[in-house]
2 protein chains.
Amino acid sequence: MELSELNRVWSQIYFYLRYDYNEDITHRGVRILQQVKNGEYVTIKEISEKLQISHNTASEHVSRLIKKGYIQKERDNKDRRKTVLSLTPKGSEVLVKHTCLDESKLDKIFSLLSKEEQNMIMSSLKLLEQKGRDIHENRIG
Amino acid sequence: MELSELNRVWSQIYFYLRYDYNEDITHRGVRILQQVKNGEYVTIKEISEKLQISHNTASEHVSRLIKKGYIQKERDNKDRRKTVLSLTPKGSEVLVKHTCLDESKLDKIFSLLSKEEQNMIMSSLKLLEQKGRDIHENRIG
DNA sequence: GTTTATATATCGTATTATACGATGTATGTC
DNA sequence: GACATACATCGTATAATACGATATATAAAC
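The text that follows walks through the structure, step by step, so that each part is easy to find. Quantities reported herein were computed from a predicted structural model and do not represent experimental measurements.

What about the protein's contact with DNA strand D?
- Close to DNA strand D lie 26 residues; K45(A), S59(A), K73(A), R28(B) and N56(B) are nearest.
- Those atoms of DNA strand D that come within 4 Å of the protein belong to sugar or phosphate at a rate of 63%.
- Between a phosphate oxygen of DNA strand D and a side-chain N or O atom of K45(A), the distance comes to 2.6 Å.
- Within the side chain of E60(A), one N or O atom sits 2.7 Å away from a base nitrogen of DNA strand D.
- Those elements that place two or more of their residues in the surface near DNA strand D are α3 (44–51), α4 (55–67), β1 (71–76) and β2 (79–87) of chain A together with α2 (27–38), α4 (55–67) and β2 (79–87) of chain B.
- Ranked by residues supplied to the surface near DNA strand D, first place goes to α4(B) with 5 residues.
- Split by residue class, the surface near DNA strand D holds 2 nonpolar, 11 polar and 13 charged.

A few points about the pattern of salt bridges
- Taken as a whole and assessed by the stated rule, the structure comprises 12 salt bridges over all chains.
- R133(A) is the salt-bridge partner of E129(A), the closest N and O atoms lying 3.7 Å from each other. Residue E129(A) and its partner R133(A) are both found in helix α7 (residues 115–136); the two are separated by 4 residues, about one turn of the helix.
- Judged by its relative accessible area of 5%, E129(A) falls in the buried class.
- Residue classification places R133(A) among the partly exposed residues on the basis of a relative accessible area of 28%.
- Here E46(B) ties to K50(B) by a salt bridge, and the two come within 3.8 Å at their closest N and O atoms. Placement of both E46(B) and K50(B) in helix α3 (residues 44–51) is noted, with a separation of 4 residues, approximately one turn of the helix.
- Among the residues examined, E46(B) registers a relative accessible area of 30% and is labelled partly exposed.

Considering the protein's contact with DNA strand C
- Taken together, the neighbourhood of DNA strand C is formed by 26 residues, with T26(A), R28(A), N56(A), K45(B) and S59(B) sitting nearest.
- The sugar-phosphate portion of DNA strand C accounts for 62% of its atoms within 4 Å of the protein, the bases making up the rest.
- Counting residues per element, the ones that place at least two in the surface near DNA strand C are α2 (27–38), α4 and β2 of chain A together with α3, α4, β1 (71–76) and β2 of chain B.
- By residue number, the principal contributor to the surface near DNA strand C is α4(A), which donates 5 residues.
- Here the surface near DNA strand C is composed, by residue class, of 2 nonpolar, 11 polar and 13 charged.

Procedures and definitions
- Residues numbered from 1 in each chain as written.
- Chains lettered and ligands numbered in written order.
- Predicted model: local features only at pLDDT ≥ 70, side-chain atom pairs only at ≥ 80, totals over all residues.
- Heavy atoms only, no water.
- Near = heavy atom within 4 Å.
- Polar contact = N/O pair within 3.5 Å; in protein donor to acceptor, adjacent residues only side chain to side chain.
- Helix = DSSP H or I, 4+ residues; strand = E, 2+ residues; numbered from the N terminus.
- Nonpolar A, V, L, I, M, F, W, Y, C, P; charged D, E, K, R; others polar.
- Salt bridge = Lys/Arg side-chain N within 4 Å of Asp/Glu carboxyl O.
- Buried < 20%, exposed > 50% of the residue type's maximum accessible area, 1.4 Å probe, protein only.

Have a look at this one:
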């Protein structure tokens, strides 16, 4: 199995199918939205550690994202010092545009595929996701 | 077919499996390396149009990437005004780190999959790539 | 051959993105 | 109360990004 071939294909897919979308969010902002989306309990400290930046920087980035309406925050009832972050619907939408494949393009592609092909693609991706999650959560080596 | 589900899976795969790599290239730099990799004949003007920036900005970004050893340039023999850009091996490597999945992670995953599963994943991705290329090159509506 | 157009390089200038130390407030633990 | 933790705010600084002006080189049109 030639993994570099798989990688070539992966990055080509993204190159061809990503949204042609004009940035109105910073690079750092996207990374933060990703972290907020993928954590269960995300605080400023979490963000600063994950992105390896100071807490002040993290706080300010988050503050700007809140102003843009992409993130909301609330104080944790169990520890009022802590701020818990979550994505707004608007934030979710912006994140999709910057990390996902253009669904109108996907729609065109899928309309040309057999049911069997569609299912194959879906199964493959889900298998990769599942194994990927295991790696991410250190359940595998 | 629920495309948003496919997209959720896609972005999760990337989130779990991408390289944990420290940036020593700018966001714009990565975009330019991508363009250089994916074009057959890439000039400063091409870059400026694709990224929708002025030619001077494009020229300067490219100049910096050349200094870092990621891109090389040569004059087109048929039109000496034109500079043709290509990736260096070093540039290719940096691009992989910023756009691909971590191959050591993939290796772990694939070592756990049957030959059949591996082939299914590979076939699926190649099918998506092929159709994606068609879309990109306007062969499909 | 001259004029005009094209392609890129360089420089000066400016804005935005990103970062952190210092400081302050609020809350939690001992 | 003393100390620790979490985050917010402000001042400061650097890096990234952008473009207009200008210049040089080359190609096309007349």
